[in-house]
Amino acid sequence: MYEIALIPEGNVRTMRIAITGAKGQLGHALQAVLINDDLLLLDLPEYDITNLDAIVSTLTDFGPEVIIHGAAITNVDGCEADRDLAFRVNVVGTRNIAVAAQQVAASLVYISTDYVFPGRDEPYGEYDACQPLSYYGLTKWYGEQIVRDLCSRFYIARTAWLYGDSPRNFCETVLRLAAERDHISMVTDEVGSPTHAMDLAAALDRLIRMPAYGIYQFSSEGTCSRYEWAQEILKLAGVEGYDLRPSSNYQRAARVPTHVDMLNQMGAAVGIEMPDWRQALVNYFAWRAAR
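All residue numbers here refer to positions counted from 1 along the written sequence of the relevant chain. Local features are withheld for residues below a pLDDT of 70 in this predicted model, meaning they are given only at 70 or higher, and side-chain atom pairs are given and counted only at 80 or more; totals for whole chains, interfaces and linings count all residues. The basis for every side-chain value is the complete set of heavy atoms in the structure, and neither hydrogens nor water enter the calculation.

J.: Any chance you could explain the sheet that holds strand β2 (residues 38-42) here in plain terms?
T.: Remark on secondary structure: sheet strands pair via backbone hydrogen bonds, oriented parallel or antiparallel. Whether two strands pair depends on DSSP finding at least two bridges between them. Here a strand is any run of E in DSSP of at least two residues, a helix any run of H or I of at least four, and the numbering for each starts at the N terminus. Strands sit in the order β2-β1-β3-β4-β5-β10 across an open sheet of six strands; the sheet is parallel. For this open sheet the edge positions go to β2 and β10 (214-217), each flanked by a neighbour on one side alone. On average, each strand axis in the sheet is tilted by 20° relative to the strand beside it, whichever way the strands run. Relative to strand β4 (residues 107-113), strand β3 (residues 66-69) runs parallel, the two sharing four bridges. Bridge pairing links Ile68 to Val109 in β4. Contacts from helix α5 (residues 135-150) reach β4, β5 (154-159) and β10, with the element oriented near 160° to β4. Docked against the sheet, helix α7 (residues 197-208) engages β1 (16-20), β3, β4, β5 and β10, running at close to 160° with respect to β5. Here the axes come from fitting lines to C-alpha atoms, over the contacting stretch only for helices, and the angles between their N-to-C directions go from 0 to 180 degrees. In what follows, residue pairs with any heavy atoms lying within 4.5 Å of each other are defined as contacts.

Structural data, given as structure tokens:
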């Protein structure tokens with residue numbers, strides 16, 4: 001079983017929580033972690049966050065104490081190809097959720113990304129200047145500003161390289177490609193912090209029960225390249241001697257940061273720590289085997 005660092009049982013109060021993007025990797029993890037809470041699960045096609053009147057009505061009827069807003073267009077290259085859709089979902093949709101949160105007097109958790117930063121060798125703190133390189137990163141940065149402008153009680157939670165309960169996550173993609181091809185290539189010049197969705201969900205569970213509003217950075221401790229991440233995945237899966245090749249300068253539609261290391265200063269200040277990325281991956285494979 002995957003071990004989740006939850007608050008001791010005696011301190012847990014059942015809450016009414018709405019989750020947008022409930023069918024995604026984080027949405028699935030939140031449902032597993034918040035299993036004792038009263039949840040409203042929002043996702044397409046039943047619920048469309050770009051429809052202001054409909055989403056306000058839905059949330060008003062439910063009356064959440066907390067809204068965890070994870071719904072977004074997260075295909076980074078896809079956001080470059082269809083900027084109108086990316087803006088409508090990631091920006092207008094976030095405005096709608098923020099308006100609804102204020103109307104129903106709920107606190108709002110906005111899930112953001114390491115892609116709000118341009119990348120550098122030095123780690124980023126929570127209040128370092130953002131300068132996104134991609135349109136995806138820009139829409140998420142707009143979302144952060146909307147939440148700060150419109151909401152009186154909010155948490156902005158940045159994360160990185162999220163993987164979890166999905167056949168399309170990076171781990172499963174590497175294993176699928178290794179089974180289909182005699183070799184694969186992974187870049188060495190894109191460095192970040194692979195983060196298991198269950199670890200992020202557990203951190204959010206603790207955070208919303210404090211409460212301690214503000215900006216947080218919940219990614220795994222430590223960094224690696226995509227190539228190093230794939231190496232570790234193959235090793236833990238028992239795939240010996242596979243021809244995994246390092247590469248660089250991969251051409252893609254979006255500009256992405258080459259090196260982002262986010263500090264968890266504010267989370268650590270309230271006692272929320274994230275595991276090392278290697279340990280998180282070990283835990284993921286244990287969870288995967290137990291399913």
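Don't stop here, the text continues.
J.: So what exactly am I meant to see when it comes to the nonpolar core here?
T.: The tendency in soluble globular proteins is for nonpolar side chains to be buried as a group. Counting residues in each nonpolar core, the largest one holds 40 residues, and the members touching the most others are Val174, Met186, Trp229, Ile233, Leu244 and Leu281. Secondary-structure elements contributing two or more residues to this core are α3 (76-81), α5, α6 (170-180), β7 (183-187), α8 (226-236) and α10 (277-290). Working definition of a nonpolar core: buried Ala, Val, Leu, Ile, Met, Phe, Trp, Tyr and Cys residues. They are joined through side-chain atoms within 4.5 Å. Here the term buried applies to any residue with accessible area under 20% of the maximum for its type, exposed to any over 50%, and partly exposed to those in between, with areas from a 1.4 Å probe on protein chains only. In this structure, Ile17, Ala29, Met198 and Leu200 belong to the second largest nonpolar core, which totals 28 residues.

J.: Please clarify how the packing of helix α1 (residues 25-33) against α7 should be interpreted in this entry.
T.: For any two helices packed against each other, one specifies the crossing angle of their axes together with the interaxial distance. Packing of α1 against α7 brings their axes to within 8 Å, and their N-to-C directions diverge by 55°. When the axis of α1 is compared with that of α7, the two are oblique. Of the two possible hands of crossing, α1 and α7 adopt the one that is right-handed. Note on element contacts: α7 touches α1 through Ala197, Met198, Leu200, Ala201, Ala202, Leu204 and Asp205, opposite Gln25, Leu26, Ala29, Leu30, Ala32 and Val33. Oblique is the label for any angle not under 35 degrees, not over 145, and not in the 65 to 115 range, which are roughly parallel, roughly antiparallel and roughly perpendicular in turn. Working rule for handedness: look at the near helix, and if it is turned counterclockwise from the far one by less than a right angle, call the crossing left-handed; if clockwise, right-handed.

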